[in-house]
Amino acid sequence: MAERSEAENGNGAKRSVVTIHDVARHAGVSSMTVSRVINGAKYVSKEMQRKVTASIEALNYSPNLTARSLKSDVRLGALYSNPSSSNLGAFLMGAFRQSGASGCQFLIEPGVTEEEALEGLERLIEAGIGGVILPPPLCDSARMLEKVSAAGVLPLSFATAIPRDGVAAIVVDDYKGAFDMTRHLIAAGHRAIGFIQGDPKHSPSQRREQGYRAALAGAGIRIEPEWIAPGLFTYKSGLDAARQLLGISPRPTAIFASNDDMAAAVSAVAQGIGLSVPRDISIAGFDDAPVASTVWPELTTIRQPIAEMAATAVAMLADQVRNARSGGTPKAPHVREMLTLVERNSTGPAPGAGE
């Protein structure tokens, strides 16, 4: 007899709730196989379909309570690895708004580590999702994409710098965004420009650093090794990087951080040691996250329209799932979003420029 979890019925009594894992044990297959059968994957053998279907009927299985309450025909999921990111709110706002417009249900699961993300994926699969949105670094994980594919779920890589054939993606030109920001600082007279890297597991991190390096090289400026500090896209890592860069003698006249959370941390450290922003040091970020316009002075940054990107991702994925279920061949488009430089008060002329 398969083990079952307990839940209360309407009279307060306990009753058994059969899960997808119970069905898998009963049928002698993996949970992924059960999910593929439930989601109608075409490449499951007829014999396997019969075994899973028989176990579903024998155990009287139906999707979990949350999934059963959903009236929409499409359920989408999303995993996120940085719950402290100031971009998360904008992402969720765009995703939930579009899920309503697209007539689908949108579920989310956290996963700071890849192992936690895989556990979150299992929960989403059990809830009956047909597609899942994967932000960096999950969108660049071959292991994660293999698990998603094995479950018969359609993936969408969100804000990846390395789109893959056969996987739908929302793509931004991180290289050009960083190149343009660095050129902006050079045009203001800065020659010693510090840079804070992003999380090395994220593909956008690499492209942003490449853009920074290319802009300086194009202007004939030699990059000093001490100008580059490691970061992880978190505010805390920005504090550590800021202390490192601001401790250099002579220190950079401008610091370009790979995202706004880290740029905000630089501003806090700089002002904490008595520096005036931007008179003594210019600070720039990337993303135009909410924090960019809530710190003082407001951050010059590269605007990445996260809410609009999330809405596009949900609309694309919902269409893919419906097309696949109707017998069509799901297309995997790569949609490129435009980035724009937003100049605010955290950047200005280099000290001594124009004198």
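Residues numbered from 1 in each chain as written. Predicted model: local features only at pLDDT ≥ 70, side-chain atom pairs only at ≥ 80, totals over all residues. Heavy atoms only, no water.

### Topic: unusual backbone geometry
As a reminder of what qualifies: In this text, helices come from DSSP runs of H or I with a minimum length of four residues, and strands from runs of E with a minimum of two, each type numbered from the N-terminal end.
The step from Pro-136 to Pro-137 runs through a cis peptide bond, and the omega angle for that step is 0°. In this structure, the amide linkage connecting Ser-249 to the following residue, Pro-250, adopts the cis form with an omega of -5°. Along the chain, Pro-250 turns up in the loop between α10 (235–246) and β10 (254–257). A positive phi is found at Ala-159, a non-glycine position, where the angle reads about 60°.

### With respect to the packing of aromatic side chains
Selection rule: Centres within 6.5 Å make a pair out of two Phe, Tyr or Trp rings, where for Trp the six-membered ring is used; the pair is then stacked when the planes are under 30 degrees apart, edge-to-face when over 60, and tilted otherwise. Exposure classes here rest on a 1.4 Å probe applied to the protein chains alone. A residue is buried below 20% of its type maximum, exposed above 50%, and partly exposed in between.
Counted under the stated rule, the structure contains six aromatic pairs. Ring centres of Phe-96 and Phe-106 lie 5.3 Å apart, and the angle between their planes is 90°; on these two criteria the pair is classed as edge-to-face. One end of the pair, Phe-96, is in helix α5 (residues 88–101); the other, Phe-106, is in strand β4 (residues 104–110), with 10 residues separating them in the sequence. Of the residues examined, Phe-106 reaches a relative accessible area of 4% and is grouped as buried. Grouping aromatic residues by their ring pairs yields a cluster made of Phe-91, Phe-96, Phe-106 and Phe-158.

### Re the nonpolar core
What counts, and what does not: In these notes, a set of buried Ala, Val, Leu, Ile, Met, Phe, Trp, Tyr and Cys residues joined through side-chain atoms within 4.5 Å is what counts as a nonpolar core. Contacts are assigned to residue pairs that have any heavy atoms within 4.5 Å of one another.
Residues Leu-76, Phe-91, Phe-106, Ile-133, Leu-156, Phe-158 and Phe-256 are the most contacted members of the largest nonpolar core, which totals 46 residues. Looking at this core, the element that brings in the most residues is helix α12 (residues 306–325), giving nine residues. Discounting residues that sit within four places of it in the chain, Phe-91 has contacts with Ala-78, Phe-106, Ile-133, Phe-158, Ile-306 and Ala-310. In this structure, Ala-24, Leu-79, Ile-125 and Cys-139 belong to the second largest nonpolar core, which totals 29 residues.

### Points about the pairing of β10
Sheet faces and side chains relate simply in a regular strand, where the side chains alternate between the two faces. Applied cut-off: For two strands to pair, DSSP has to find at least two bridges joining them.
Alternating residues of β10 divide into Ala-254 and Phe-256 and Ile-255 and Ala-257, and every residue in both groups is buried. In this structure, strand β8 (residues 193–196) lies alongside β10, joined through four bridges in parallel fashion. Bridging from a neighbouring strand, Ile-196 pairs with Ala-257 of β10. Note that β10 and strand β11 (residues 282–284) share three bridges and pair parallel.

### Describing the sheet that holds strand β3 (residues 74–80)
For clarity, the cut-off: Between the N-to-C directions of two axes lies an angle of 0 to 180 degrees, each axis being a line fitted to C-alpha atoms and, for a helix, fitted only over the stretch in contact.
Read across the open sheet, the six strands follow the order β4-β3-β5-β6-β7-β13; overall the sheet is parallel. Single-partner strands in this sheet number two, and they are β4 and β13 (334–337). Taken pair by pair, the neighbouring strands of this sheet meet at an average axis angle of 20°, ignoring direction. Pairing geometry for strand β7 (residues 168–172) and β13, over four bridges, is parallel. Across the sheet, the residue bridging to Ile-170 is Val-335, located in β13. Against the sheet, α12 contacts β3, β4, β5 (131–134), β6 (154–160), β7 and β13, and its axis sits at roughly 160° relative to β6.

Keep in mind these values describe shape, not function.
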